[in-house]
Amino acid sequence: MQVMQWFTAAVLAAFVGYIGAWYTGAIEGNFALLLFLATVVTGLYWIAERLYFLPRRRAAAQALEQSAIARRAELDRMGIAKTDIEVSEEAKGRILMQPWWLDWTAGLFPVIAIVFILRSFLFEPFKIPSGSMIPTLLVGDLILVNKFTYGIRLPVINKKITEGSPVQRGDVMVFRYPPQPSLDYIKRVVGVPGDEIAYLNKRLTINGKELPVAELPDFLDRDVMRYFKQFDETLGDKPHRIIVNNDVPAFIQGASNFEFRQNCSYSVEGVTCKVPEGHYFVMGDNRDNSLDSRYWGFVPDRNIVGKAFFVWMNFGDFKRIGSFH
């Protein structure tokens, strides 16, 4: 048992060290991998507890009780009536009690396993860190992402094992940022495989058809205390709001040398791209404050995390709670 205590202490220290290094920025963390390893490790302890450690403790408690019964019978034969050899419930409880190293492993397995299953295959929570999706999503919104709409994927490696529904134009999608897959991004899908996307003079055109827009009252961005032009843009059959900063030129500055860049042509008016197979073109609703496909290219299907659909909390504004599109 002493060996297991030291071994478990080393395992827990490794987890704490990984989290600490991630928090301080010393390494690039991967929460999906961390949760998967925690599930596997605690699951192994849980199995060992059920099949080995718990039966041993129960056997020890039973042996103690049988020993007391045998001693009581022997003393009765000797005519000794008053003795203090009864096994108390407290003593049996101490024997049956999980040691600390099983409490912190096998004891946590059911909770960790539930979180792992929910997060990996059903719904995953995210926090909106930037204003690139304003006015649809605000900084501080806590959202839920559906993990099975586009097909179930294996955790960590993100390999699709069921097909699900195809990605649609207008979907708000969470994906692994292609230049740095350890980061999760959220944008709106504006182009699916085969589409020709043009964003020229701040107007979006798909396959030669300019998307209809309707002007709305100016939007006040409280983070910068400034008004921006706001429009209803209809993508497919669902309108969504966008904001535009007229002080920013239409020219796309700082586009990187991304994969399939030959599919795009840039000009002073903006950019035109042909979306390759197995990829998607995404943009933020805050059109002049969003680092998106105009700058770093297309999102491959293998990078998809899920479809965002619900704000479950915003501690600064409870009215934000609800679905969105």
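Use the structure listed above.
What you see is a predicted model; the values in this text were computed from it and never measured.

A. Representation of the sheet that holds strand β11 (residues 264-267) within the structure. Spatial strand order, β7-β6-β5-β12-β11: five strands in an open sheet with antiparallel pairing. Looking along the sheet, the strands with just one partner apiece sit at the ends: β7 (209-210) and β11.

B. Up close: the sheet that holds strand β8 (residues 213-221). The strand order across the open sheet built from three strands is β8-β9-β10, with neighbouring strands paired in antiparallel fashion. Where the open sheet ends on each side, the last strands, each with one partner, are β8 and β10 (238-244). The average undirected angle you get between the axes of adjacent strands in this sheet is 30°. Summarising the sheet, strand β9 (residues 226-235) and β10 pair through seven bridges and their orientation is antiparallel. Along β10, the bridge assignment pairs D232 with R241.

C. Quick peek at the nonpolar core. Ranked by internal contacts, the top residues of the largest apolar core, which has 29 residues, are M173, L204 and F281. When residues of this core are traced back to their parent elements, those giving at least two are β3 (172-176), β4 (184-191), β5 (196-200), β6 (203-206), β12 (270-274), β13 (279-283) and α6 (293-296). Excluding residues within four positions of it along the chain, F281 makes contact with R188, V189, V190, G191, I197, C273, V275, S293, R294 and F298. F126, M133, V172 and F324 belong to the second-largest nonpolar core, a separate cluster that totals 13 residues.

D. A look at the side chain of R287. Inspection of the secondary structure puts R287 in the loop between β13 and α6. Of the residues examined, R287 reaches a relative accessible area of 2% and is grouped as buried. A distance of 2.7 Å separates the side chain of R287 from the side chain of E233, its partner in a polar contact.

E. Focus on the side chain of T8. Mapped onto the fold, T8 is located in helix α1 (residues 2-24). Excluding its chain neighbours within four sequence positions, the residues that come into contact with T8 are Y45, W101 and T105.

F. Representation of the packing of aromatic side chains. All chains considered together, the criterion is met by 16 aromatic pairs. Where Y177 meets Y185, the ring centres are 4.1 Å apart and the plane angle is 5°; that geometry is what we call stacked. A residue is classified by how much of its surface remains accessible, and Y177, at 11% relative accessible area, is buried. Ring centres of F309 and F310 lie 6.3 Å apart, and the angle between their planes is 45°; on these two criteria the pair is classed as tilted. A residue is classified by how much of its surface remains accessible, and F309, at 28% relative accessible area, is partly exposed. The partly exposed category is assigned to F310, whose relative accessible area is 28%. Taken together, F123, F148, F309 and F310 form an aromatic cluster joined through their ring pairs.

G. Quick look at the state of the cysteines. Counted under the stated rule, the structure contains one disulfide. The disulfide bridge from C264 ends at C273, spanning 2.0 Å between sulfur atoms. Residues C264 and C273 share a disulfide whose torsion about the S-S bond is about 115°; that sign makes it right-handed. Across the pair, exposure class does not vary: C264 and C273 are buried alike.

H. Expanded view of the pairing of β5. Taken together, the five bridges between β5 and β12 define a ladder with antiparallel strand orientation. In the strand pairing of β12, Y199 is matched with V271. The pairing of β5 with β6 spans four bridges and is classified as antiparallel. In the sheet register, I197 faces β6, and the bridge partner there is I206.

Calculation criteria
- Residue positions within a chain follow its written sequence, with the count starting from 1.
- Two thresholds apply to this predicted model, a pLDDT of at least 70 for residue-level local features and 80 or more for giving and counting side-chain atom pairs, whereas whole-chain, interface and lining totals are computed over all residues.
- As a convention, hydrogens and water are excluded, and side-chain values are obtained from all of the structure's heavy atoms.
- A strand pair is defined by DSSP finding two or more bridges across the two strands.
- Secondary structure counts use DSSP, requiring at least four H or I residues in a row for a helix and at least two E residues in a row for a strand, with both numbered from the N terminus.
- In this analysis an axis means a line fitted to C-alpha atoms, helices contributing only their contacting stretch, and an angle means the value between N-to-C directions, from 0 to 180 degrees.
- The definition of a nonpolar core used throughout is a set of buried Ala, Val, Leu, Ile, Met, Phe, Trp, Tyr and Cys residues joined through side-chain atoms within 4.5 Å.
- The rule is simple: take the accessible area with a 1.4 Å probe, protein chains only, and divide by the maximum for that residue type; under 20% is buried, over 50% is exposed, in between is partly exposed.
- Should any heavy atoms of two residues lie within 4.5 Å, those residues are considered in contact.
- For the purposes of these results, a polar contact is taken to be a pair of N or O atoms within 3.5 Å, where, inside protein, one atom must be able to donate a hydrogen and its partner to accept one; residues adjacent in sequence count only when each atom of the pair is a side-chain atom.
- Each aromatic pair joins two rings of Phe, Tyr and Trp (for Trp, the six-membered one) with centres within 6.5 Å, and gets the label stacked for planes under 30 degrees apart, edge-to-face for over 60, and tilted for any other angle.
- Disulfide assignment relies on a single distance test, namely cysteine sulfur atoms paired within 2.5 Å.

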